[in-house]
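Listed here are the chains, written in short residue letters.
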Amino acid sequence: AGLVVWPVHDTEPARRAISRLFQQRFPVVLIDRGLPGCDVDVVRSDHRAIGDALATELLTRGHRRIAIGVSATDTASSIQERVQGAMGAIQRAGDGAVAVETVPLSEAGTDHADQIARVMARRERPTAFLCINDDMAAWVEHELDLLGWRGSGEIELACVRDGSPEFRSLFPTVAVQQDGRAVGLACAQTLAARIADPGRPPSERLIPCS
């Protein structure tokens, strides 16, 4: 009677497929990730607020050299919005007050060591890594550990906990937890409303995190 879609990547074929379903008035809701340009129902965490909160906490703790771990290949709206939120908080700190660098990391895991080693070899190396999810935090931590930074007291991480049970912090970590249950519940409610009234205008619901 309806369909919930978690878009793995933002691609043109995905946009066309979802738009076609909506045009046919088939009930569909996107969960946690949107597809820009698709006028469909979306229920997701407030990703910009997540990025903002993580960067703000690092700034409050005195960090002024921050590396942001981003995906080299994932184009999901959630990732882009978290980075935008973090950059907004950093910009509010004042131009030139914070040195920030984005570090692209591949899901294939072939360049993690080189990228992290390159950043940490600098004289003005970062004192904090802001990672857009806990998988990426685990990658960064692993490489920092191999480079001998664990226990140094010089590095702090910030990340979004997406519920990965494998992630255990090796470094002091600031974390924001997504409320997956609340997102799922709101998605079910939105889909039920869409099934009951296929002609209603598209809606977007943002779920706060803790």
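If you're wondering where the values come from, they're calculated on a predicted model, not measured in any experiment.

1. Remarks on the overall build of the chain
Okay, so step 1: Within the chain, the secondary structure is distributed over 6 helices and 9 strands.
Okay, so step 2: If one aligns the C-alpha atoms of the chain with their principal axes, the spans along those axes are about 60 × 35 × 30 Å.
Okay, so step 3: For the chain, with 210 residues in total, the buried portion stands at 43%.
Okay, so step 4: For the chain, the proportion of contacts with a sequence separation of at least 24, taken over those separated by at least 6, is 69%.
Okay, so step 5: Per element, the accessible surface of the chain, about 10,300 Å² overall, is 52% carbon and sulfur.
Okay, so step 6: Of the side chains in the chain, 23 bear a positive and 28 a negative charge, and the two mean positions are spaced by 3 Å.

2. A few points about the pattern of salt bridges
Okay, so step 1: Taken as a whole, this structure holds 12 salt bridges when the rule is applied.
Okay, so step 2: Among the salt bridges present, the one from Glu-124 reaches Arg-65, with a minimum N-O distance of 3.5 Å. Separated by 59 residues along the polypeptide, Glu-124 in the loop between helix 4 (112-120) and strand 6 (128-131) and Arg-65 in strand 4 (residues 65-71) bring together distant segments of the chain.
Okay, so step 3: Here Arg-65 falls in the partly exposed class, since its relative accessible area comes to 28%.
Okay, so step 4: For Arg-122, the salt bridge identified is with Glu-101, shortest N-O distance 2.5 Å. Taken together, the positions of Arg-122 in the loop between helix 4 and strand 6 and Glu-101 in strand 5 (residues 99-105) put the pair 21 residues apart, joining distant regions of the chain.
Okay, so step 5: Exposure remark for Arg-122: the relative accessible area of 38% places this residue in the partly exposed category.

3. Section: the sheet that holds strand 3 (residues 41-45)
Okay, so step 1: Taken in spatial order, the 4 strands of this open sheet run 1-2-3-9, and their pairing is parallel. For this open sheet the edge positions go to strand 1 (3-5) and strand 9 (204-207), each flanked by a neighbour on one side alone. Averaged over all pairs of adjacent strands, the angle between their axes in this sheet comes to 20 degrees, without regard to strand direction.
Okay, so step 2: Where strand 3 and strand 9 come together, 4 bridges link them in parallel fashion. In the sheet register, Val-43 faces strand 9, and the bridge partner there is Arg-205.
Okay, so step 3: The sheet contacts of helix 6 (residues 180-196) involve strand 1, strand 2 (28-31), strand 3 and strand 9, and relative to strand 2 the element is tilted by about 165 degrees.

4. Some details on the nonpolar core
Okay, so step 1: Ranked by internal contacts, the top residues of the largest apolar core, which has 38 residues, are Phe-129, Leu-130 and Leu-144.
Okay, so step 2: Non-local contacts of Phe-129, meaning those with residues more than four positions away in its chain, are made with Ala-67, Ile-116, Val-119, Met-120, Val-140, Leu-144, Ile-155, Glu-156, Leu-157 and Ala-158.

Parameters and conventions
Residues numbered from 1 in each chain as written. Predicted model: local features only at pLDDT ≥ 70, side-chain atom pairs only at ≥ 80, totals over all residues. Heavy atoms only, no water. Helix = DSSP H or I, 4+ residues; strand = E, 2+ residues; numbered from the N terminus. Buried < 20%, exposed > 50% of the residue type's maximum accessible area, 1.4 Å probe, protein only. Contact = heavy atoms within 4.5 Å. Areas by Shrake-Rupley, 256 points an atom, 1.4 Å probe, with all protein chains shown as cover. Lys, Arg positive; Asp, Glu negative; His and termini not counted. Charge placed at Lys NZ, Arg CZ, Asp CG, Glu CD. Salt bridge = Lys/Arg side-chain N within 4 Å of Asp/Glu carboxyl O. Pairing = 2+ DSSP bridges. Axes fitted to C-alpha atoms, helices over the stretch in contact; angles between N-to-C directions. Core = buried A, V, L, I, M, F, W, Y, C linked by side-chain atoms within 4.5 Å.

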